[in-house]
Amino acid sequence: MSVSVQKADFDVGAEIAALSAGRAEVGAVASFVGLVRDSGQGKNVQAMTLEHYPGMTETALAEIVAQAHQRWALLGVRVIHRHGRLLPGDRIVFVGVASAHRGDAFAACQFIMDYLKTRAPFWKREETPDGSHWVDAKESDDQAAARWEGS
Amino acid sequence: MKELNILYFASLREAVGCAGERLPLPEGVCTVGALREHLAARGGVWTALTTGRNLRAAVNQRMVDGDATLAPGDEIAFFPPVTGG
């Protein structure tokens, strides 16, 4: 299974290594790691809680990965998304893509993140000294996802 | 009799004060949009279902628009725009 939704942290090095282990046909591995910032839509973010929709989350991520496979020649994809309460500096998300050539790996990695941002059912709640609030969706994320349509 | 399984997430869950409910498919309600109106007609906190900005819906764990049709036994989720990643 290439998609995991979990509370636990993950080992970036091990995940990257696993994408090409024993596979000499892999010539490129591109990866992205998303982290909790200490300033989001609120200042001085002390913690962030990610809620998700168990069941649909895995389905949505698997569908995004399937679309990436249709668009590019990929040899492996790994997506990990955490949920629960996280602190600044904590890892939230990992996307790793293996392919024969770098172009496919770079593009697919970006595509998966852009689609994940707008189609995977996660919601962030930030804690700040002034209280906690739900993070609003960004129009720029919709625009980033939309640029892949028709391409 | 198969009921609808309705779920609420994130800010909408907090607004209506519950994570979900089971409900027989109301008579005359055959789309997601109509169900939204039906629930909002309860008044009070439930008006969040029609006033919520850009509220999204999923039927059986796939995102849909308000025209999507409903059948008894469906799982319907309402939630605000997603903010993961």
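Here, the structure is the one placed above.
First things first, this report covers the structure right here in the doc.

What counts, and at which threshold
Residues numbered from 1 in each chain as written. Chains lettered and ligands numbered in written order. Predicted model: local features only at pLDDT ≥ 70, side-chain atom pairs only at ≥ 80, totals over all residues. Heavy atoms only, no water. Helix = DSSP H or I, 4+ residues; strand = E, 2+ residues; numbered from the N terminus. Rg over C-alpha atoms; globule rule 2.2 N^0.38 Å. Buried < 20%, exposed > 50% of the residue type's maximum accessible area, 1.4 Å probe, protein only. Contact = heavy atoms within 4.5 Å. Areas by Shrake-Rupley, 256 points an atom, 1.4 Å probe, with all protein chains shown as cover. Lys, Arg positive; Asp, Glu negative; His and termini not counted. Charge placed at Lys NZ, Arg CZ, Asp CG, Glu CD. Salt bridge = Lys/Arg side-chain N within 4 Å of Asp/Glu carboxyl O. Buried area = accessible area lost by both parts, 1.4 Å probe. Axes fitted to C-alpha atoms, helices over the stretch in contact; angles between N-to-C directions. Parallel < 35°, antiparallel > 145°, perpendicular 65-115°, else oblique. Left-handed = near helix turned anticlockwise from the far one by under 90°. Nonpolar A, V, L, I, M, F, W, Y, C, P; charged D, E, K, R; others polar. Pairing = 2+ DSSP bridges.

This brings us to the overall build of chain B. Along the backbone of chain B there are three helices and five strands. In chain B, the succession of helices and strands from N to C terminus is β-α-β-α-α-β-β-β. Taking 85 residues into account, the globule formula puts the C-alpha radius of gyration at 12 Å, and chain B, at 12 Å, falls close to it. Among the 85 residues that make up chain B, the fraction classed as buried is 45%. Across chain B, contacts joining residues at least 24 apart in sequence account for 54% of those joining residues at least 6 apart. When the accessible surface of chain B is summed, it comes to about 4100 Å², and 50% of that surface belongs to carbon and sulfur atoms. The positive charge centre, built from 8 side chains, and the negative charge centre, built from 9, are 6 Å apart in chain B.

Moving on to the pattern of salt bridges. Note that side chains of opposite charge can pair when their charged atoms are close. For the structure shown, the criterion picks out 11 salt bridges over all chains. Across the pair Glu15(A) and Arg78(A) runs a salt bridge whose closest N-O atoms are separated by 2.9 Å. With Glu15(A) in helix α1 (residues 12–20) and Arg78(A) in strand β4 (residues 74–82), this pair connects stretches of sequence that are 63 residues apart. Look at Glu15(A) and you get buried, because its relative accessible area is 17%. Measuring nitrogen to oxygen at the nearest pair gives 2.3 Å for the salt bridge that ties Arg13(B) to Glu51(A). With one member in each of two chains, Arg13(B) in helix α1 (residues 10–16) and Glu51(A) in strand β3 (residues 47–52) form a pair that bridges those chains. Overall, Glu51(A) belongs to the buried group, its relative accessible area being 14%. Residues joined by salt bridges that share partners form a network here, namely Asp9(A), Arg82(A) and Arg91(A).

A few words now on the environment of Thr69(B). Residue and element names in this part refer to chain B. Inspection of the secondary structure assignment puts Thr69 in the loop between β4 (62–64) and β5 (75–79). Distance from Thr69 to Val59, taken between C-alpha atoms, is 8.8 Å for residues 10 residues apart in sequence. Those residues in contact with Thr69 that lie beyond four places of it in its chain are Cys30, Thr31 and Asp74.

Here we take up the interface of chain B and chain A. Counting residues at the interface gives 20 residues for chain B and 26 residues for chain A. Counting the surface lost from both chain B and chain A, the interface buries some 1900 Å², and carbon and sulfur atoms represent 55% of this. By the criterion of area lost to chain A, the three top residues of chain B are Gln61(B), Thr83(B) and Gly85(B), representing 35% of everything that side buries. We note a salt bridge from Glu14(B) to Arg125(A), for which the minimum N-O separation is 3.0 Å.

A few words now on the packing of helix α2 (residues 56–71) of chain A against helix α3 (residues 102–119) of chain A. Residue and element names in this part refer to chain A. As a packed pair, α2 and α3 sit with axes 10 Å apart at the nearest point and diverge in direction by 150 degrees. One finds that α2 runs roughly antiparallel with respect to α3. The hand of the α2/α3 crossing is right-handed. From α2, Ala60, Leu61, Ile64, Gln67, Ala68 and Arg71 reach across to α3, where they touch Phe111, Ile112, Tyr115, Leu116 and Arg119. Residues belonging to the contact of α2 with α3 are distributed by class as follows: eight nonpolar, one polar and two charged.

A few words on the pairing of β5(B). All names here are of chain B. In terms of burial, β5 is largely enclosed, as five of its five residues are buried. Where strand β1 (residues 4–8) lies against β5, four bridges are found, and the strand directions are parallel. Paired with Ile6 across the bridge in β5 is Ile76. Sheet analysis places strand β3 (residues 56–59) next to β5, joined by four bridges and oriented antiparallel. Among the inter-strand pairings, Ala57 is bridged to a residue of β5, identified as Phe78.

Residues and elements named next belong to chain A. Packing of α3 against helix α4 (residues 139–146) brings their axes to within 8 Å, and their N-to-C directions diverge by 130 degrees. Judged on the interaxial angle alone, α4 and α3 are oblique. The two elements α3 and α4 meet at a crossing, and its hand is left-handed. Contacts between α3 and α4 involve Asp114, Tyr115, Lys117 and Thr118 on the former and, on the latter, Asp141, Asp142, Ala144 and Ala145.

Further remarks concern the pairing of β4(A). Residue and element names in this part refer to chain A. Taking burial as the measure, the nine residues of β4 include eight buried ones, the bulk of the element. Where strand β1 (residues 3–6) lies against β4, four bridges are found, and the strand directions are parallel. When the sheet's bridge partners are listed, Gln6 is paired in β4 with Arg82.

Remember, this is a structural readout, not a statement about activity or role.
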